[in-house]
Amino acid sequence: MSRSVKKLTGLVAATFTPLTAEGEINLSVIGPYIDYLIEKQNVKSVFVNGTTGEGCSLTVDERKQLAAAWCQHGKGKLEQVVVHVGCMSIKDSQELARHAASIGADAIAVISPSYFKPINADALRLFIKEVSASAPDLPMYYYHIPGMTGVALEAADVLNGIERMIPSFQGVKYSGTDLRDLGQCVCYSQAHNWSVLYGVDEQLLGALVLGVHGAVGSTYNYLGCIVNQMLSAFDNGNHMQTRALQFEFMEVITFAKNLGFDVAVNKQVMSEVSGLVLGPPRLPLLPCPVSKAQAIAQKIKDFSQRH
């Protein structure tokens, strides 16, 4: 890469995709959304068109429009806009990577293809390399989310030697629960000054102990302010406060999971907490009953008010 890279650290909100009642993307919400994240949650970096954003349910053109809107409205406000460009087709991923570079995105990320799955780490590294080559000046992150892709390769194996293939590689968004594999990713990344971002919000403390540099998650859209307190407590060595906040966070997520907590529910919860009109999910996800979202939102508001 020809330009210096700002290390990705701290909290990164995995953004929801606003849709109209008719199911079309609603770009008018992006500006107020950014203001809400900064002013109410103190979250200044975003991960666009990922799992939370229903990226794989969107067309290539819709993903381009959303990425451009986040970059345009976030200029001078957001610290980093990371655009997820992963698709089943490498050609689509390359097109999205080129587009991300053209609109001034700060970085790109890619998941593994999940219909035709890479047979080994070599195949996945080659896929990431070919996508990265379409935007060689943009930092590239591997988005490891085996629970969604069904790709059981260990992330540490994917990282091994990837710097020799992809000069722009800068780290991994680790959305798995294998702390041994995560720890190996952190260990390997140290020598390269890469960022390892954790993506299982309710288990963040375990990842912090292993040395991750930040976190990317959906709940940071509406609990970012609280989790920032948790990060500060951890950095200051106040482990009792850190644990207390993590335990309270776990209680909220457990309450939500017991009611049924998927991306569709989470999206409606964000609307209830923030006041932003994010609209319905896209099929095959089904709309969430408002009463369920309101019950979870009340738990979140109670948690926030206590702190």
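Just so you know, these numbers come straight off a predicted model, no measurement behind them.

Caption draft 1: Structural context of the UniProt feature "active site" (unreviewed entry) in the protein. Listed under "active site" (unreviewed entry) in the UniProt record, and renumbered for this structure, are Tyr 143 and Lys 173. Of the residues just listed, which span 31 residues, no C-alpha pair is farther apart than 4.7 Å, and they cluster in one region. Set against the largest cavity, the annotated residues that line it come down to Lys 173. Owing to a relative accessible area of 2%, Tyr 143 belongs among the buried residues under this scheme. Once residues lying within four places of it in the same chain are set aside, the contact partners of Tyr 143 are Phe 47, Thr 51, His 84, Val 110, Ile 111, Ser 112, Lys 173 and Ser 175. Within the structure, the side chain of Tyr 143 is placed 2.7 Å from the side chain of Thr 51, a separation counted as a polar contact. As for its position among the elements, Lys 173 is in strand β6 (residues 169–174). In this structure Lys 173 touches Phe 47, Tyr 142, Tyr 143, His 144, Leu 197 and Val 216, once residues within four positions along its chain are discounted.

Caption draft 2: Expanded view of the UniProt feature "binding site: pyruvate" (unreviewed entry) in the protein. UniProt marks Thr 52 and Val 216 with the feature "binding site: pyruvate" (unreviewed entry), using the numbering shown here. Their sequence span is 165 residues, while the largest C-alpha to C-alpha distance among them is just 10.5 Å; these annotated residues converge on one region. Considering only the residues just annotated, the largest cavity is lined by Val 216. With respect to the helices and strands, the residue Thr 52 is situated in the loop between β2 (45–48) and α2 (60–74).

Caption draft 3: Quick look at the pairing of strand β8 (residues 214–217). A two-sided burial pattern is seen for β8, the buried positions comprising Gly 214 and Val 216 on one face and Ala 215 and Gly 217 on the other. Here four bridges tie strand β1 (residues 10–14) to β8, and the two strands are oriented parallel to one another. Considered in β8, the bridge of Leu 11 is made with Ala 215. Relative to β8, strand β7 (residues 195–198) is paired through two bridges, and the arrangement is parallel. When the bridges of β8 are listed, Leu 197 appears paired with Gly 214. Each parallel crossover has a hand, and the one from β7 via helix α8 (residues 204–210) to β8 is right-handed.

Caption draft 4: The arrangement of the nonpolar core in detail. One finds Trp 70, Ile 128, Tyr 142 and Leu 204 to be the most contacted residues of the largest nonpolar core, which totals 90 residues. With eight residues, the top contributor of residues to this core is helix α9 (residues 220–235). If sequence neighbours within four positions are ignored, Tyr 142 has contacts with Val 110, Ser 112, Leu 124, Ile 128, Ala 155, Val 158, Leu 159, Phe 169, Gly 171, Val 172 and Lys 173.

Caption draft 5: Spatial organisation of the layout of surface pockets. Roughly 660 Å³ of internal volume is contained in the largest pocket. In terms of lining residues, the largest pocket is bounded by 30 residues, among which Thr 51, Thr 52, Ile 145, Gly 199 and Ser 218 are the most central. Put simply, the parts of the chain that give the lining of the largest pocket at least two residues each are α5 (146–149), β8, α10 (239–259) and α11 (263–274). In terms of residues, the lining of the largest pocket owes the most to one element, α5, which gives three residues. A per-class count over the lining of the largest pocket returns twelve nonpolar, 13 polar and five charged.

Caption draft 6: Layout of the pattern of salt bridges. Taken as a whole and judged by the stated rule, the model has nine salt bridges. Two residues, Arg 125 and Asp 122, come together in a salt bridge whose shortest N-O distance is 2.2 Å. On the criterion of helical spacing, the pair formed by Arg 125 and Asp 122 is a turn pair, its members being three residues apart in helix α4 (residues 121–132). A relative accessible area of 10% means that Arg 125 is categorised as buried. Several salt bridges converge on common partners, so that one network encompasses Glu 154, Asp 178 and Arg 180.

Conventions used here
Residues numbered from 1 in each chain as written. Predicted model: local features only at pLDDT ≥ 70, side-chain atom pairs only at ≥ 80, totals over all residues. Heavy atoms only, no water. UniProt positions renumbered as here; feature names shortened; annotations may be inferred. 1 Å grid on protein atoms, 1.4 Å probe; cavity = no way out; pocket = protein on both sides within 12 Å on 5 of 7 lines; lining within 4 Å. Buried < 20%, exposed > 50% of the residue type's maximum accessible area, 1.4 Å probe, protein only. Contact = heavy atoms within 4.5 Å. Polar contact = N/O pair within 3.5 Å; in protein donor to acceptor, adjacent residues only side chain to side chain. Helix = DSSP H or I, 4+ residues; strand = E, 2+ residues; numbered from the N terminus. Pairing = 2+ DSSP bridges. Right-handed = clockwise from strand over helix to strand, strands pointing away. Core = buried A, V, L, I, M, F, W, Y, C linked by side-chain atoms within 4.5 Å. Points joined across faces, edges and corners; volume = space filled by probe spheres on them. Nonpolar A, V, L, I, M, F, W, Y, C, P; charged D, E, K, R; others polar. Salt bridge = Lys/Arg side-chain N within 4 Å of Asp/Glu carboxyl O.

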